[in-house]
Amino acid sequence: WEFNGSSHQPSAFLMMGIPGLEPLQPWISIPFCALYLTALLGNCGILFIVRRTPSLHEPMYYFLSMLALTDLGLALCTLPTTLGLFWFNVRTIGFDACLTQMYFIHILSLIESSVLLAMAFDRFIAISHPLRHAAILTTSTVLKIGLAIVLRGMVSLLPVPFLLRRLTYCGRTELSHSFCFHPDIMNLACADIKVNVFYGMIVLLSTVGMDFVFIVLSYVLIIRTVVSLTTREECLKALNTCVSHICAVLVFFIPMVGLSMIHRFGRNVPPLVNTLVAYTYLTIPPALNPIIYSIKSTHIREALLRALCRKRG
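Note that the structure is a prediction, hence the values are computed from the model and not measured.

**Q** I'm lost on helix α2 (residues 59-88) in this one. Help?
**A** A turn of α-helix holds 3.6 residues, and therefore any two residues three or four places apart point the same way. Taking 1.5 Å per residue as the helical rise, α2 with its 30 residues ought to reach 44 Å, and the 43 Å between its terminal C-alpha atoms agrees with that figure. Summarising burial for α2: 23 of the 30 residues are buried, a large majority. Positive backbone phi, at 55°, marks N89, one or two positions downstream of α2.

Here it is as structure tokens:
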């Protein structure tokens, strides 16, 4: 590809599909279409139901709406390039467009991690201090938490595109995925990337790493509170309110940690494994989270059924 002579930046990057399965990409696009459709309809459905149902106007469902918005953003970030590659074999993406996509993918990932932490805090307050729950997590407090989460993600990742622009790229332009990811772009440079690696690790540990630690701590405190409850039924009822959130945490953090480890230490990992983990990380949580909460939350399920009955009537 042509390079900008003054900054040694490629005019475009070349995106890759699933290694070794390029002839089957039109067929492979079918499950991806199903996942994206599920993510779009499911998260829009959650937002619609929470907005239209007054009984769901409480902290737990406000945080769930934040999670749905984030998942919707993640799906929309990767959908054009992924389906464009699978359907029309559009493999090029401009340098600036790639940095923009990368920035929003990473911002939304940090926001999702922070929202999951906020949901863990909400569950801890609801179980440990049920009578004070509404007084502690008021609507204004929830909005302030949401604003702080967004600002944290934007400010933390603001230097990343500029750190990538300062690098020199010397010929290799093949990305590992059908979307732009910071370690992927960084490894294409032929300059010293120690600053990028160091800053990326600092951001990862101080945001996602700390979020995960505090989520685990929240559940330690929740379990300690639940154990002190008098009856077995009360224990099970309290823990049952956390099942959906635990599933969402596992679905998000397991592939994210796996992908981070592969990009930083897995130089000998087969490209197919790298690609599958990346797609799992960015397509599975947005599709599964609405399903998990619709199945486990009685209030969401009942509101959904009422909305469907009204439309039929």
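**Q** What's the story with the packing of helix α1 (residues 25-52) against α2 in this structure? I'm lost.
**A** Two packed helices can be described by the angle between their axes and the distance between those axes. In contact at an axis separation of 9 Å, α1 and α2 are set at 155° when each is read in the N-to-C sense. Considered as vectors, α1 and α2 are oriented roughly antiparallel to each other. Note on packing geometry: the crossing formed by α1 with α2 is left-handed. Residues belonging to the contact of α1 with α2 are distributed by class as follows: 23 nonpolar, 6 polar and 1 charged.

**Q** Is there a simple way to think about the state of the cysteines in this case?
**A** Joining two cysteines, a disulfide is a covalent bond between their sulfur atoms. The final tally for this structure, using the stated rule, is 2 disulfides. Linked covalently through their sulfurs, C170 and C190 form a disulfide whose S-S length is 1.6 Å. Judged by the sign of its S-S torsion, about 45°, the cystine formed by C170 and C190 is right-handed. Of this pair, C170 sits in the loop between α6 (159-165) and α7 (182-186) while C190 is found in the loop between α7 and α8 (194-227), placing the two residues 20 residues apart along the sequence. When the cysteines engaged in disulfides are numbered in sequence order, the protein chain pairs them as 1-3, 2-4. Among the cysteines around C77, which has no disulfide bond, C180 carries the closest sulfur, lying 11 Å off. On the accessibility criterion, C77 (19% relative accessible area) is buried. A disulfide-free cysteine, C247 has its sulfur positioned 11 Å from the sulfur of C242, the nearest such atom.

**Q** Can you help me understand a nonpolar patch on the surface in this one?
**A** A cluster of nonpolar side chains, L21, L24, W27, I30, L272 and L276, forms an exposed patch at the surface whose accessible area comes to about 580 Å². Contributions of two or more residues to the nonpolar patch are made by α1 and α11 (271-296).

**Q** When you look at the environment of L288 in this model, what are you seeing that I'm missing?
**A** Note that L288 resides in helix α11. Along the primary structure L288 and P26 are separated by 262 residues, whereas in three dimensions their C-alpha atoms are 23 Å apart.

**Q** Explanation requested: the packing of helix α3 (residues 95-128) against α11 in the structure shown.
**A** Running from N to C, α3 and α11 cross one another at 35°; their axes reach a closest spacing of 12 Å. The handedness of the crossing between α3 and α11 is left-handed. In contact with I105, S109, E112 and M119 of α3, α11 contributes Y281, L282, P285, N289 and Y293. Its residues assigned to classes, the contact of α3 with α11 shows 6 nonpolar, 2 polar and 1 charged.

**Q** Can you help me understand the pattern of salt bridges in this one?
**A** Pairing is possible between side chains of opposite charge, provided their charged atoms come close. Counted according to the given criterion, the structure contains 3 salt bridges. For R165, the salt bridge identified is with D96, shortest N-O distance 2.5 Å. Taken as a pair, R165 in helix α6 and D96 in helix α3 lie far apart in primary sequence, 69 residues in all. Taking relative accessible area as the criterion, R165 reaches 34% and is therefore assigned partly exposed. A residue is classified by how much of its surface remains accessible, and D96, at 47% relative accessible area, is partly exposed. Of the charged contacts, one joins D122 and R123 as a salt bridge, the two residues approaching to 3.0 Å between their closest N and O atoms.

About the criteria used
Residues numbered from 1 in each chain as written. Predicted model: local features only at pLDDT ≥ 70, side-chain atom pairs only at ≥ 80, totals over all residues. Heavy atoms only, no water. Helix = DSSP H or I, 4+ residues; strand = E, 2+ residues; numbered from the N terminus. Expected span 1.5 Å × (residues − 1). Buried < 20%, exposed > 50% of the residue type's maximum accessible area, 1.4 Å probe, protein only. Axes fitted to C-alpha atoms, helices over the stretch in contact; angles between N-to-C directions. Parallel < 35°, antiparallel > 145°, perpendicular 65-115°, else oblique. Left-handed = near helix turned anticlockwise from the far one by under 90°. Nonpolar A, V, L, I, M, F, W, Y, C, P; charged D, E, K, R; others polar. Disulfide = S-S within 2.5 Å. Patch = residues over 30% accessible without salt bridge, like charges linked within 9 Å, V, L, I, M, F, W, Y side chains within 5 Å. Areas by Shrake-Rupley, 256 points an atom, 1.4 Å probe, with all protein chains shown as cover. Salt bridge = Lys/Arg side-chain N within 4 Å of Asp/Glu carboxyl O. Contact = heavy atoms within 4.5 Å.

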